[in-house]
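Spelled out, the chains give:
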Amino acid sequence: MAKKNKFYITTPIYYPNSKPHVGTLYSTLIADVAARFAKLMGKEVFFLTGTDEHGQKLQEKAAEMQMDPKKFIDGMIPAFTDVWKTYEIDYTKFIRTTDPEHEQAVAFWIEKLQEQGDIYKSEYTGLYCVPCETFVNIQADSPKDEKGNHVCPSCKRGLREVAEESYFFRLSAYEERLLAFYENNPDFIMPKERMAEVVSFVKSGLKDLSISRKTVSWGIPFPGDPSHTVYVWGDALNNYISGVGYGQDSEQARREFAKWWPADVHVMAKDIVRFHAVYWPAFLIAAGLPLPRQLLVHGYILMGDSKMSKSLGNVVSPEDLASWYGVEPVRYYLMRQMPVSQDGHFDLKDLENRVSADLANSLGNLLNRMVMLALNNGLHEVEAPVSWEAKSSHLREMCQETYRFYWDEMHKHYFHVALSEVWKFIALTNAYFHEMQPWVLAKQNKELFAEVIAATCNSLYSIAIMLVPFMPKKMDALLSSLGKVYDSSVNYDEVLRKNDWNRVFKFTKLEEPLFIRPETRVPKEDEVPAVKPEKAVKVQSEGPKTDLISIEDLVKCQLVVGTILTCEEVAGSDKLYKMQVDCGVHGVRQIFSGVRKNVTQEELIGKQGIVVANLPPRKMPGGVSEGMLLYAGDNSGNFRLASVIGPVDNGTQLK
């Protein structure tokens with residue numbers, strides 16, 4: 001019977017032969033988001049990740065480095081734990097297959113299977129892929145290289161001829177039981193199309209599986225025969241049960257295992273689904289243990305047309321991404337951009353666009369604009385009105401509908417779809433805010449002004465809770481600016497389903513924007529000249545000397561029209577104003593201008609100006625400036641905001 005108040009999720013355990021890359025980060029983030037969502041639902045969570053530390057590949061890597069395998073691996077572990085800490089991976093336990101408890105559990109499992117006749121000694125002859133730690137069965141359609149030699153179907157690299165004594169697990173004896181399990185549990189593998197591949201493989205006939213190696217010394221000694229070591233998959237797969245107490249002698253370990261097993265979700269990439277969908281269930285059936293409830297099988301992250309892989313050398317450093325864009329924007333991008341059920345393309349330009357458009361413009365600016373507008377109009381606290389105006393009521397209904405859709409998609413682990421729905425609601429909230437024009441209501445109808453602020457606050461509150469699994473620290477900051485705190489002991493499923501908008505919000509101004517538009521790391525298409533520029537011709541001029549530029553230099557400057565919503569003095573500076581400028585499709589920008597001695601605040605608020613919109617963010621006293629407003633000043637002391645003759649839509653670009 002399912003234990004409804006617990007949730008046990010695992011990642012694959014990773015080879016520590018080199019640092020983690022975006023592909024390994026992606027698998028781990030999926031598990032972290034799922035675990036955080038389960039906590040949001042009020043469940044007790046066990047989240048297991050770790051490293052797979054035995055086998056021929058690591059033995060050879062350590063020999064190449066002229067090091068003892070264990071010492072080599074010990075030196076690699078911080079590369080994983082440090083990155084997981086950076087990316088806020090909130091795991092319960094980090095397991096290493098060199099842990100004594102794990103080795104004890106593997107020995108216990110093998111001895112049990114030996115006693116019941118499921119393991120026997122024979123000889124293995126065939127092909128083996130060292131990088132994938134996989135014995136390969138050659139079939140008619142097996143891939144070959146340009147010389148006609150068979151290659152690994154997963155990594156497309158060469159295979160080794162292997163002929164050695166081995167212990168075998170009677171996998172063939174479990175074919176019918178596996179097929180019956182698949183039929184009775186159609187949701188065992190997600191997405192469901194992966195199930196058809198597995199069923200086809202099992203129906204083609206299962207051969208007994210080699211579970212020991214005599215030529216590999218770096219591994220767990222095979223029980224009763226130390227001349228063999230346990231084959232890496234017979235070792236590694238058992239981490240999912242050893243990590244929660246299986247095979248240990250203490251009563252506490254037995255209670256823990258009874259509490260957590262079976263796992264609710266095993267997360268993995270599609271290249272290892274066969275091991276988890278065929279070998280692992282057979283191992284568990286043989287051991288008399290319940291099977292995991294679901295395998296969540298994600299696609300590859302592609303760079304161009306190739307899978308991102310350490311072995312292929314086309315990796316991106318998670319550390320660099322965190323440094324360039326911030327940890328939580330990268331978390332958001334990977335979960336929003338990469339559909340779990342398919343391969344996804346990783347692209348820095350896409351990442352930058354997502355951070356700017358989704359995070360800085362749509363969400364961050366909405367929060368900042370609302371809080372600043374409230375505070376600048378003396379509204380430091382707001383509560384629900386006696387009754388909601390029709391447009392506010394509609395927003396409230398859409399908030400509840402969004403949560404229902406979000407809940408369904410999160411339970412299916414379709415995180416990209418859930419996020420897409422949240423952003424539709426963010427757009428709806430922005431549209432409501434614009435339509436209601438609270439900056440006008442602040443002067444004309446204080447009561448309706450307070451209602452619009454309250455409705456926007458309640459919307460942002462629900463948005464923040466739904467985004468906690470993806471960006472926990474940023475959402476803590478968002479909630480804090482509304483006078484709220486995320487409480488991990490609360491069942492937020494009940495809170496959001498109730499959709500109670502009778503909350504009181506107390507505003508706090510953020511020290512810096514919630515999200516900052518990133519400095520670009522890739523050239524924009526419009527920065528590349530479409531045609532070769534003509535050669536410049538020198539001309540004589542009687543006027544002041546001017547440094548000439550080309551038309552290509554001019555078009556790089558993105559000048560747009562924006563309306564100044566707020567303007568405040570910067571403490572500690574006699575020159576600076578800090579302004580919120582509505583730039584239309586380019587979002588509301590926080591812009592600093594050193595014109596305090598020349599122009600009054602009243603001369604700026606509500607005026608349309610010209611904004612240089614594609615400057616990189618710049619730290620200033622009091623915050624970050626996200627653009628530049630243009631002014632005209634002469635020697636006579638005349639100083640004016642540069643503008644257009646008549647009003648135009650915010651975001652209109654000068655041509």
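Here the structure is a predicted model, which is why all the values come from computation and not from measurement.

Novice: Even after reading the chapter, I still don't get the packing of aromatic side chains, so can you show me in this structure?
Specialist: Any two aromatic rings considered together are summarised by their centre-to-centre distance and by the angle between their planes. In the structure shown here, the tally under the stated rule is 31 aromatic pairs. Seen from their ring centres, Phe 108 and Tyr 246 are 5.4 Å apart, and the 75° between their planes marks the pair as edge-to-face. Here Tyr 246 lies in the loop between helix 8 (239-242) and helix 9 (251-260) and Phe 108 lies in helix 4 (residues 100-115), a separation of 138 residues in the sequence. Residue classification places Phe 108 among the partly exposed residues on the basis of a relative accessible area of 40%. Seen from their ring centres, Trp 233 and Phe 275 are 4.0 Å apart, and the 5° between their planes marks the pair as stacked. Of this pair, Trp 233 sits in helix 7 (residues 232-236) while Phe 275 sits in helix 10 (residues 273-286), and the two are 42 residues apart along the sequence. Pair check on accessibility: Trp 233 and Phe 275 agree, each one buried. Here the aromatic cluster, defined as three or more aromatic residues joined through ring pairs, consists of Tyr 8, Phe 46, Phe 108, Tyr 240, Tyr 246, Phe 257, Trp 260, Trp 261 and Trp 280. If you follow Arg 274 out to its NZ or CZ, it ends over the ring of Phe 201, 3.9 Å from the centre.

Novice: I'm lost on the pairing of strand 2 (residues 44-51) in this one. Help?
Specialist: Successive side chains on a regular strand alternate, one facing one side of the sheet and the next facing the other. Summarising burial for strand 2: 7 of the 8 residues are buried, a large majority. For strand 2 and strand 3 (residues 93-96), the ladder comprises 4 bridges, and the chain directions are parallel. Of the residues in strand 3, the one forming a bridge with Gly 50 is Ile 95.

Novice: Would you take a moment to explain the state of the cysteines for this structure?
Specialist: Between two cysteines, a covalent bond joining their sulfur atoms is known as a disulfide. With the rule as written, the count across this model stands at 0 disulfides. Among the cysteines around Cys 129, which has no disulfide bond, Cys 152 carries the closest sulfur, lying 3.6 Å off. Residue Cys 129 is classed as buried on the basis of its relative accessible area, which comes to 0%. The structure places no disulfide on Cys 457, whose sulfur is separated from the nearest cysteine sulfur, that of Cys 399, by 12 Å.

Novice: Just to check I follow, could you spell out the sheet that holds strand 12 (residues 265-269) for this structure?
Specialist: Within a sheet, each strand pairs with its neighbour through backbone hydrogen bonds, oriented either parallel or antiparallel. Taken in spatial order, the 6 strands make up an open sheet running 3-2-1-12-13-7, and their pairing is parallel. In the strand order of this sheet, the two ends are held by strand 3 and strand 7 (189-190), each with one partner. Note: strand 1 (residues 6-10) against strand 12, 2 bridges, orientation parallel. By the bridge assignment for strand 12, Ile 9 is matched with Val 265. Each of strand 7, strand 12 and strand 13 (295-298) touches helix 10; the most contacted strand, strand 12, lies at about 140° to it.

Novice: What is the right way to read a nonpolar patch on the surface from this model?
Specialist: A grouping of Ile 549, Ile 551, Leu 554 and Val 555 is seen on the molecular surface, where their side chains present a nonpolar patch of about 410 Å² in accessible area. Its location among the elements puts Ile 551 in helix 20 (residues 551-555). Judged by relative accessible area, Ile 551 falls into the exposed class, the value being 55%.

Novice: Just checking my understanding: could you explain the pattern of salt bridges for this structure?
Specialist: A side chain with one charge may pair with a side chain of the opposite charge, provided their charged atoms come close. This structure, assessed with the given rule, holds 28 salt bridges. Salt bridges here are not isolated pairs; linked through shared partners, they connect Glu 53, Lys 70, Asp 74 and Arg 96.

Novice: Even after reading the chapter, I still don't get the nonpolar core, so can you show me in this structure?
Specialist: The tendency in soluble globular proteins is for nonpolar side chains to be buried side by side. In terms of nonpolar packing, the biggest core is built from 180 residues, with Tyr 182, Leu 334 and Phe 507 touching the most fellow members. Excluding residues that lie within four positions of it along the chain, Tyr 182 makes contacts with Phe 188, Met 195, Val 198, Val 199, Val 202, Ala 277 and Val 278.

Novice: How should the pairing of strand 19 (residues 559-569) be read in this particular structure?
Specialist: Here strand 19 lies mainly inside the structure; 10 of its 11 residues are buried. In terms of strand pairing, strand 19 meets strand 22 (residues 608-612) through 5 bridges, oriented antiparallel. Bridge pairing in strand 22 links Val 561 to Ile 610. Inspection of the sheet shows strand 19 paired to strand 20 (residues 577-582) by 6 bridges, in the antiparallel sense. When the bridges of strand 20 are listed, Ile 564 appears paired with Val 581.

Novice: I keep staring at the confidence of the model for the protein chain and nothing clicks. Help me out?
Specialist: Caution is warranted with low-pLDDT regions, since their predicted coordinates should not be read in detail. On average, the protein chain scores 89 in pLDDT, and the residues at 70 or more come to 92%. In this model, residues 523-546 is a region of pLDDT below 50 whose contacts with residues beyond four sequence positions or in other chains number 6 contacts.

Novice: I tried to follow the side chain of Asp 582 on my own but got confused; where do I start?
Specialist: Here Asp 582 is to be found in strand 20. Buried charged residue Asp 582 carries no salt bridge. Nearest counter-charge: Arg 369, at 4.5 Å. Once residues lying within four places of it in the same chain are set aside, the contact partners of Asp 582 are Arg 369, His 434, Val 561, Gly 562, Thr 563, Leu 565, Gly 587, Val 588 and Asn 650.

Novice: Sorry, what's going on with the sheet that holds strand 9 (residues 212-213) here?
Specialist: Strand order in this open sheet of 3 strands is 9-11-10, and the pairing throughout is antiparallel. Since the sheet does not close on itself, it has two edges, and those belong to strand 9 and strand 10 (221-222), each with one partner. Where strand 9 meets strand 11 (residues 225-230), 2 bridges bridge the pair, whose relative direction is antiparallel. What sits directly across from Arg 213, in strand 11, is Thr 229.

Novice: Can you help me understand the side chain of Asn 239 in this one?
Specialist: The residue Asn 239 is located in helix 8 in this model. Beyond its immediate sequence surroundings of up to four residues, Asn 239 is in contact with Ile 13, Leu 48, Ile 95 and His 102.

Novice: Please explain helix 17 (residues 446-467) as it appears in this structure.
Specialist: Quick reminder: α-helices carry 3.6 residues per turn. Residues three or four places apart thus point the same way. In this model helix 17 runs 31 Å from its N-terminal to its C-terminal C-alpha over 22 residues, within 8% of the 32 Å that 1.5 Å per residue would give. With 19 of its 22 residues buried, helix 17 lies for the most part within the structure.

Novice: Hey, could you run me through the environment of Lys 509 in this one?
Specialist: By the secondary structure assignment, Lys 509 is in the loop between strand 18 (505-506) and helix 20. Remark: the alpha-carbon pair of Lys 509 and Ser 362, spanning 147 residues in sequence, is separated by 18 Å. When near neighbours in sequence (up to four residues on either side) are disregarded, Lys 509 contacts Val 371, Met 372, Leu 375 and Glu 568. Polar side-chain contacts of Lys 509 include one of 3.1 Å to the side chain of Glu 568.

Calculation rules
Residues numbered from 1 in each chain as written. Predicted model: local features only at pLDDT ≥ 70, side-chain atom pairs only at ≥ 80, totals over all residues. Heavy atoms only, no water. Phe/Tyr/Trp six-rings, centres within 6.5 Å; stacked < 30°, edge-to-face > 60°. Helix = DSSP H or I, 4+ residues; strand = E, 2+ residues; numbered from the N terminus. Buried < 20%, exposed > 50% of the residue type's maximum accessible area, 1.4 Å probe, protein only. Lys NZ or Arg CZ within 6 Å of the ring centre and 35° of its normal. Pairing = 2+ DSSP bridges. Disulfide = S-S within 2.5 Å. Contact = heavy atoms within 4.5 Å. Axes fitted to C-alpha atoms, helices over the stretch in contact; angles between N-to-C directions. Patch = residues over 30% accessible without salt bridge, like charges linked within 9 Å, V, L, I, M, F, W, Y side chains within 5 Å. Areas by Shrake-Rupley, 256 points an atom, 1.4 Å probe, with all protein chains shown as cover. Salt bridge = Lys/Arg side-chain N within 4 Å of Asp/Glu carboxyl O. Core = buried A, V, L, I, M, F, W, Y, C linked by side-chain atoms within 4.5 Å. pLDDT = per-residue confidence, 0-100. Lys, Arg positive; Asp, Glu negative; His and termini not counted. Expected span 1.5 Å × (residues − 1). Polar contact = N/O pair within 3.5 Å; in protein donor to acceptor, adjacent residues only side chain to side chain.

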